[in-house]
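What follows is each chain in one-letter form.
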Amino acid sequence: MQKIISGKSLMLVAIAALSLSACKNGGLFGKKKGKSDVTGWNYDDKNMGNFHVAKVKYPKAGPGLVFVQGGSFVMGAKDEDVMGDWNNVPRRVTVPSFFIDETEVANVHYREYLYWLENTFSNDTNIINKALPDTLVWREELAYNEPYVEYYFRYPSYNYYPVVGVTWQQAYDFCIWRTDRVNELNLMKKGYLKKDAAKREMKGAGADGSFNTETYLMNPEMIQARNKPKKSDLKDINGKPRANIRMEDGILNMGYRLPTEAEWEYAAYGLLDQNPNPRKKENKSGEENRSNQQIYSWSKNPNGLRDNRRGSWQGKFLANFKRGNGDNMGIAGGLNDRAAIPGNVKTFYPNAFGLYNMSGNVSEWVGDVYRPMTSVDAQDFNYFRGNKFQKYYKNSSGEYERDSLGRLKKTDISDEEVKNRANYQHNNVINYLDGDSSSGVFYGYGVTSLINDSSRVIKGGSWNDRAYWLSPGARRFMQQNTGASTVGFRCAQTYLGPPEGPGFKEGNNFAKRKQKGKKK
């Protein structure tokens, strides 16, 4: 019996020794080290510098976001131009895949933002006041809307109603704040920020004590709550856990932002459902086909505003809008859209991408500066008007500085710096080809036009609009420093990976076939 036990013990010891050796050498049960295709050096090898290459992975939708598979589509008017604006002449463009919010940003979400500001910048009322939505947008000379002035933004009944009265600039700032909070949480979970970083921050830390993604990436020493995890796969050149995360590690979020006009319009149509045979698996092929032209956001009922399916919902309004003069919700006992003002952000019929209220409820800010000649000037890939190229500011000592909100200061790139570039020669190209000297077009704001470089596009139609404005192709504009009771916003995010989404490959792969001739 003792011999048998001894034999088994020796065998276990031998297996353990082999396993340990295999782990050390990266074989069998250990992690196999990656190797450079150009130098032959091992990755994550302390004897070769510990250069780390993150495993190829694709970003998942962040909180509140939905994946939108990109493609080409006809951007512009889908209905008769009854306003005679001629500002949305149809043209074909391509939009890369991206993420966008499932719903409009709601009052409760914006109040969370204000709560953070009130606690983090408790000594700076100017910052807090700048972020407050304008509740006076509800006030009318000949209407009793004072209850909405007082209660719409704050009262719990309206928690999940879209926030309104926000300017374009306030929406832009909210996106940056949201990016920072998501990334701050990612770093806290990974141990690169202290567990109580958010709590410290919200005890009046101010600009110097708040977390900002760009600041962390460009100069992490400026972030006060940094932490160095005891264990991590990310090692420095000495083989010890690295102190900071880089963008190439795949941990930080790419950032929330306002969608471009092209992205917003493409997402609103949800054209994926117009394809009768889309690719659903990697080993299957899809078709380049579209069965219907849509006017509104719903693929299953492309040209109507009422549900056409048989059953209890047949004939019900699919969106929140104004049917006609004095008819915002119908007749008591049979209300047509059951919403007198904006409705809950998750009501009404979602489109094929699962997005709510892309037609109706509230119009939405997008990133673009408004120009009526967009159809003539637009790039046909990833169109956007609104670029103003900048760089990070450094003081006379060559150091980065933070502004009053804790973000890195930026300065405009001079035209002199880019004059020899082939792709752009100016830092401010907001009025490029339409409003600049070379185009010969000028907008006399306040004299002959209401258009200037602060005019931003709004899309989608609202609770107080007629059906005409509910078409995603319709476009209007407002000054970026104004708000309205009919205008809110949602955020978007860039997607990096195969355009059909996670689970698919990129490009057509012919690795198993040789181009030597026809198969006999």
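Residues numbered from 1 in each chain as written. Predicted model: local features only at pLDDT ≥ 70, side-chain atom pairs only at ≥ 80, totals over all residues. Heavy atoms only, no water.

1. Section: the overall build of the protein
Okay, step 1: Secondary structure summary: the protein contains 11 helices and 12 strands in total.
Okay, step 2: The principal-axis extents of the C-alpha atoms in the protein amount to approximately 100 × 70 × 60 Å.
Okay, step 3: Residue burial in the protein is summarised as follows: out of 520 residues, 44% are buried.
Okay, step 4: In the protein, of all internal contacts separated by at least 6 residues, the share reaching a separation of at least 24 is 66%.
Okay, step 5: Accessible area of the protein: about 29700 Å², with a carbon and sulfur share of 51%. (Helix = DSSP H or I, 4+ residues; strand = E, 2+ residues; numbered from the N terminus. Buried < 20%, exposed > 50% of the residue type's maximum accessible area, 1.4 Å probe, protein only. Contact = heavy atoms within 4.5 Å. Areas by Shrake-Rupley, 256 points an atom, 1.4 Å probe, with all protein chains shown as cover.)

2. Things to note about the side chain of N351
Okay, step 1: Note on placement: N351 falls in the loop between α9 (261-269) and β6 (363-369).
Okay, step 2: Not counting residues within four places of it along the chain, the set of residues in contact with N351 comprises A267, A268, Y269, G270, S297 and M358.

3. Description of the sheet that holds strand β5 (residues 256-257)
Okay, step 1: The sheet built from 4 strands is open, its strands ordered β1-β4-β12-β5 with antiparallel pairing. Every other strand in the sheet has two partners, leaving β1 (65-68) and β5 as the edge strands with one partner each.
Okay, step 2: Taken together, the 2 bridges between β5 and strand β12 (residues 492-494) define a ladder with antiparallel strand orientation. Bridge pairing in β12 places Y256 opposite Q493. (Pairing = 2+ DSSP bridges.)

4. Describing the nonpolar core
Okay, step 1: Among the nonpolar cores identified, the biggest contains 32 residues, and Y110, L117, F174 and F489 are the most heavily contacted of them.
Okay, step 2: Within the residue set of this core, elements represented by two or more residues are α2 (107-120), α3 (125-131) and α5 (168-190).
Okay, step 3: Take this core: its biggest share by element is 6 residues, from α5.
Okay, step 4: Setting aside residues no more than four positions away along its own chain, F174 makes contact with V105, H109, Y110, Y113, F489 and C491.
Okay, step 5: Formed by 23 residues, the second largest nonpolar core is a distinct cluster that contains A262, Y266, A268 and V457. (Core = buried A, V, L, I, M, F, W, Y, C linked by side-chain atoms within 4.5 Å.)

5. What to know about the sheet that holds strand β11 (residues 487-488)
Okay, step 1: The sheet built from 4 strands is open, its strands ordered β10-β9-β6-β11 with mixed pairing. Because the sheet does not close on itself, it has two edges, and the strands there are β10 (476-479) and β11.
Okay, step 2: Pairing geometry for β6 and β11, over 2 bridges, is parallel. Residue pairing across strands places S363 opposite V487, the latter belonging to β11.

6. Things to note about the state of the cysteines
Okay, step 1: Inspection of the entire model under this criterion finds 0 disulfides.
Okay, step 2: The cysteine C175 is free of any disulfide, with C491 supplying the nearest cysteine sulfur at 3.4 Å. (Disulfide = S-S within 2.5 Å.)

7. Considerations on the environment of P59
Okay, step 1: Note that P59 resides in the loop between α1 (2-24) and β1.
Okay, step 2: Counting along the chain gives 365 residues from P59 to Y424, while the straight-line C-alpha distance between them is 30 Å.
Okay, step 3: Apart from the residues within four sequence positions on either side, P59 is in contact with F99, M254, Y495 and L496.

8. Some remarks on the packing of α2 against α5
Okay, step 1: Packing of α2 against α5 brings their axes to within 11 Å, and their N-to-C directions diverge by 75°. With respect to α5, the axis of α2 lies roughly perpendicular. In this structure, α2 uses H109, Y110, E112, Y113 and W116 to contact α5, whose residues at the interface are Q170, D173, F174, W177 and R181.
Okay, step 2: Among the residues forming the contact of α2 with α5, the class breakdown is 5 nonpolar, 2 polar and 3 charged. (Axes fitted to C-alpha atoms, helices over the stretch in contact; angles between N-to-C directions. Parallel < 35°, antiparallel > 145°, perpendicular 65-115°, else oblique. Nonpolar A, V, L, I, M, F, W, Y, C, P; charged D, E, K, R; others polar.)

9. Let's talk about the packing of aromatic side chains
For any pair of aromatic rings, geometry is given as the distance between the ring centres together with the angle between the planes.
Okay, step 1: In total, this model carries 29 aromatic pairs according to the counting rule given.
Okay, step 2: Look at F174 and W177: their rings are 5.4 Å apart centre to centre, the planes differ by 45°, and that puts the pair in the tilted class. With a gap of 3 residues between them, F174 and W177 both fall in helix α5, about one helical turn apart. The same class applies to F174 as to W177, namely buried.
Okay, step 3: Aromatic rings pair up to connect Y110, Y113, F153, F174, W177 and F489 into one cluster. (Phe/Tyr/Trp six-rings, centres within 6.5 Å; stacked < 30°, edge-to-face > 60°.)

10. Considering the confidence of the model for the protein
Okay, step 1: With 91% of its residues at a pLDDT of 70 or more, the protein shows a mean pLDDT of 88.
Okay, step 2: This stretch, residues 1-5, has a pLDDT under 50; its non-local contacts, to residues over four places away or in other chains, come to 0 contacts.
Okay, step 3: For the stretch residues 18-30, pLDDT sits under 50, and the model shows 8 contacts to residues farther than four places along the chain or on other chains. (pLDDT = per-residue confidence, 0-100.)

11. Quick word on the pattern of salt bridges
Okay, step 1: Tallied over the full model, the rule gives 22 salt bridges.
Okay, step 2: Among the ionic pairs, E261 bridges to R475, the shortest N-O distance being 2.7 Å. A residue pair is termed long-range when its members are at least 10 positions apart, and E261 in helix α9 and R475 in the loop between β9 (455-459) and β10 qualify at 214 residues.
Okay, step 3: Judged by its relative accessible area of 1%, E261 falls in the buried class.
Okay, step 4: The salt bridge involving K459 is made with E265; its shortest N-O contact spans 2.8 Å. Remark: E265 occurs in helix α9 and K459 occurs in strand β9; sequence separation between them is 194 residues.
Okay, step 5: Residue class for K459 comes out buried when judged on its relative accessible area of 1%.
Okay, step 6: Residue classification places E265 among the buried positions, given a relative accessible area of 1%.
Okay, step 7: Each of E261, E265, K459 and R475 takes part in a single network of salt bridges with overlapping partners. (Salt bridge = Lys/Arg side-chain N within 4 Å of Asp/Glu carboxyl O.)

12. Comments concerning the pairing of strand β3 (residues 91-95)
Okay, step 1: Across the two faces of β3 the burial differs, with R91, V93 and V95 buried and R92 and T94 not buried at all.
Okay, step 2: The sheet contact formed by strand β2 (residues 71-75) and β3 spans 5 bridges and is antiparallel. Residue pairing in the sheet places S72 in a bridge with T94 of β3.

13. Concerning the side chain of S449
Okay, step 1: Here S449 lies in the loop between α11 (415-418) and β9.
Okay, step 2: Polar contacts involving the side chain of S449 include one to the main-chain amide nitrogen of I451, which spans 2.9 Å.
Okay, step 3: Excluding anything up to four places from it in sequence, S449 contacts Y443 and G444. (Polar contact = N/O pair within 3.5 Å; in protein donor to acceptor, adjacent residues only side chain to side chain.)

14. Things to note about α9
Okay, step 1: Across the 9 residues of α9, 9 count as buried, placing the element largely inside the fold.
Okay, step 2: Of all the positions in α9, only E261, A262, E263, W264, E265, Y266, A267, A268 and Y269 are classed as buried.
Okay, step 3: Remark: G270 follows α9 within two positions and exhibits a positive phi of approximately 55°.

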